[in-house]
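# Results of the structural survey
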Amino acid sequence: MATRGVMLLAFQVLLLCFLAQAWNTERGSFELESQRESLKNVHLVTDCMHVTSEEGEYSFVKLPPTRTISKQPWLNSLEGSPQQPNGAPDVATESSAAPATVCGIYFVADPDQVIEVTMRQMNVECATGGLMAFVDGWELNGQYFPGEWEHEKRLDLRVQEFCVEPGAEPWPAKSSSNAWVFRSSQNAALIQYRVPVRGSFVLSARFLHNARPCNIMAEGLAPYYMLRNYGQRRNCTLTALFPAVVSVVALETGPIDGMVRYVCSLPTDKLEIGGSAGLDPHNMLKATTLCGHSGGRMDLEQSILCGTTSVRLISSGHYNNQAMVTMRLAEDADLRLTTIMCEM
């Protein structure tokens, strides 16, 4: 009996050891998979214009150019070489730094999402001409999306600049656990940075649900887009940064009269379709203006051959206006549908 008890105890110990080994193997596999998943969401920014539709962590670093002093005697005979006190010319390992360029990380999410950016670390010094900014929307060549007249906030509230002041610690300071958090009003946001000499930053981005989207940056993947004013006095714009074929599937603007008109008597409560060379839809060339109620599917299709294609829903606030629109990249076969063409 005692022998049986010893054997049973030994079996239990062996079983526990096996389970422990199995757990360690499973845990190791799970941790490895978790590390792989986390690495997928870590992005090192190397392009000056970085466009992304992914959540995750983004980091940038720029080191100052290093210089070495050559000790080779034959270099002393080079004419025009700046001489050091020991007679050796100063030979740089890198070419002279180019003038500081403003670069950016351009975020675009799904139409019904907004973008939240959290600055985790930032070491961009004001004294060296460094500067960073969060833009509620996108900026290209001095023009903004949404346009200055299409956004609920003033432009000075949409652009928030920051850098490390002289004498201050790289942000955040060790004594601070806070982080700067910015949130866009639509599915487009931009982090701009200018780093002339040296600097670095780490930020994280996540996409949150937007219950009432108005302005939309089209990423070209959605089967359709909905523009709505939700009964408010506001203009909502759908913009794509490519020549596009626009199809109005359904329309409801202004008083209910059961018909769609191409000549609209009211200055508001209408849908405008057009294009422009720049980003601001306020400056677009209008191809078509629509108003009224379609009462069903209408499928009005046209090609806008411009660098930027926009559809604007203009609302007085007296009606619940809405439009269902599809937008895709224009191809050669779509030339027959052209209603407007811009210089590109």
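Data block above holds the structure.
Structure report, in brief.

Reading the values: the criteria
- Residues numbered from 1 in each chain as written.
- Predicted model: local features only at pLDDT ≥ 70, side-chain atom pairs only at ≥ 80, totals over all residues.
- Heavy atoms only, no water.
- Salt bridge = Lys/Arg side-chain N within 4 Å of Asp/Glu carboxyl O.
- Helix = DSSP H or I, 4+ residues; strand = E, 2+ residues; numbered from the N terminus.
- Buried < 20%, exposed > 50% of the residue type's maximum accessible area, 1.4 Å probe, protein only.
- Contact = heavy atoms within 4.5 Å.
- Pairing = 2+ DSSP bridges.
- Axes fitted to C-alpha atoms, helices over the stretch in contact; angles between N-to-C directions.
- Polar contact = N/O pair within 3.5 Å; in protein donor to acceptor, adjacent residues only side chain to side chain.
- Phe/Tyr/Trp six-rings, centres within 6.5 Å; stacked < 30°, edge-to-face > 60°.

A few words on the pattern of salt bridges. Pairs can form between side chains of opposite charge once their charged atoms are near each other. Counted under the stated rule, the structure contains eleven salt bridges. Among the salt bridges present, the one from aspartate 156 reaches arginine 154, with a minimum N-O distance of 2.9 Å. We note a salt bridge from glutamate 272 to arginine 312, for which the minimum N-O separation is 3.0 Å. Separated by 40 residues along the polypeptide, glutamate 272 in strand β20 (residues 270-276) and arginine 312 in strand β23 (residues 308-314) bring together distant segments of the chain.

For alanine 277, the location among the structural elements is in the loop between β20 and β21 (285-292). The class for alanine 277 is exposed, based on a relative accessible area of 63%. On a C-alpha basis, the gap between alanine 277 and glutamate 343 in space is 7.0 Å, while along the polypeptide they are 66 residues apart. Excluding anything up to four places from it in sequence, alanine 277 contacts Thr308 and Glu343.

As paired elements, strand β1 (residues 42-44) and strand β3 (residues 56-62) share three bridges and run parallel to each other. Bridge pairing in β3 links valine 42 to glutamate 57. Here seven bridges tie β3 to strand β14 (residues 199-209), and the two strands are oriented antiparallel to one another. Residue pairing across strands places valine 61 opposite serine 200, the latter belonging to β14.

The subject of this paragraph is the sheet that holds strand β24 (residues 322-329). Sheets are built from strands paired through backbone hydrogen bonds, the pairs being either parallel or antiparallel. Spatial strand order, β16-β24-β18-β22-β25: five strands in an open sheet with mixed pairing. Edge positions in the sheet fall to β16 (225-228) and β25 (338-341), since each of these pairs with one other strand and no more. When the angles between neighbouring strand axes are averaged without regard to direction, this sheet yields 30 degrees.

So, about the sheet that holds β14. Reading across from one edge, β1-β3-β14-β7-β12 is the order of the five strands in this open sheet, with mixed pairing throughout. Two strands in the sheet have a free side with no partner beyond their single neighbour: β1 and β12 (180-183). Strand-to-strand twist of the sheet, defined as the mean angle between neighbouring strand axes without regard to direction, takes the value 20 degrees.

When you line up the elements, asparagine 215 lands in the loop between β14 and β15 (216-217). Asparagine 215 gets classed as buried once you look at its relative accessible area, which sits at 7%. A distance of 3.0 Å separates the side chain of asparagine 215 from the backbone nitrogen of threonine 237, its partner in a polar contact. If we skip the residues at most four places from it in the chain, asparagine 215 touches Phe145, Pro146, Glu150, Gln186, Asn187, Asn235, Cys236 and Thr237.

Moving on to the packing of aromatic side chains. Here the distance between the centres and the angle between the planes together describe a pair of aromatic rings. Within this structure, the stated rule accounts for eight aromatic pairs. Centre to centre, the rings of phenylalanine 60 and tyrosine 193 are 4.8 Å apart; their planes meet at 45 degrees, and the pair counts as tilted. Here the residue phenylalanine 60 occupies a position in strand β3, and tyrosine 193 occupies one in strand β13 (residues 188-194), the gap between them amounting to 133 residues. Across this residue pair, the class does not change: phenylalanine 60 and tyrosine 193 are buried. With centroids separated by 5.0 Å and ring planes inclined at 80 degrees, the aromatic side chains of tyrosine 106 and tryptophan 138 adopt a geometry described as edge-to-face. Separated by 32 residues along the polypeptide, tyrosine 106 in strand β6 (residues 102-108) and tryptophan 138 in strand β9 (residues 138-140) bring together distant segments of the chain. Residue classification places tyrosine 106 among the buried residues on the basis of a relative accessible area of 6%. Counting every residue linked through ring pairs, the aromatic cluster contains Phe134, Phe162, Trp180 and Phe182.

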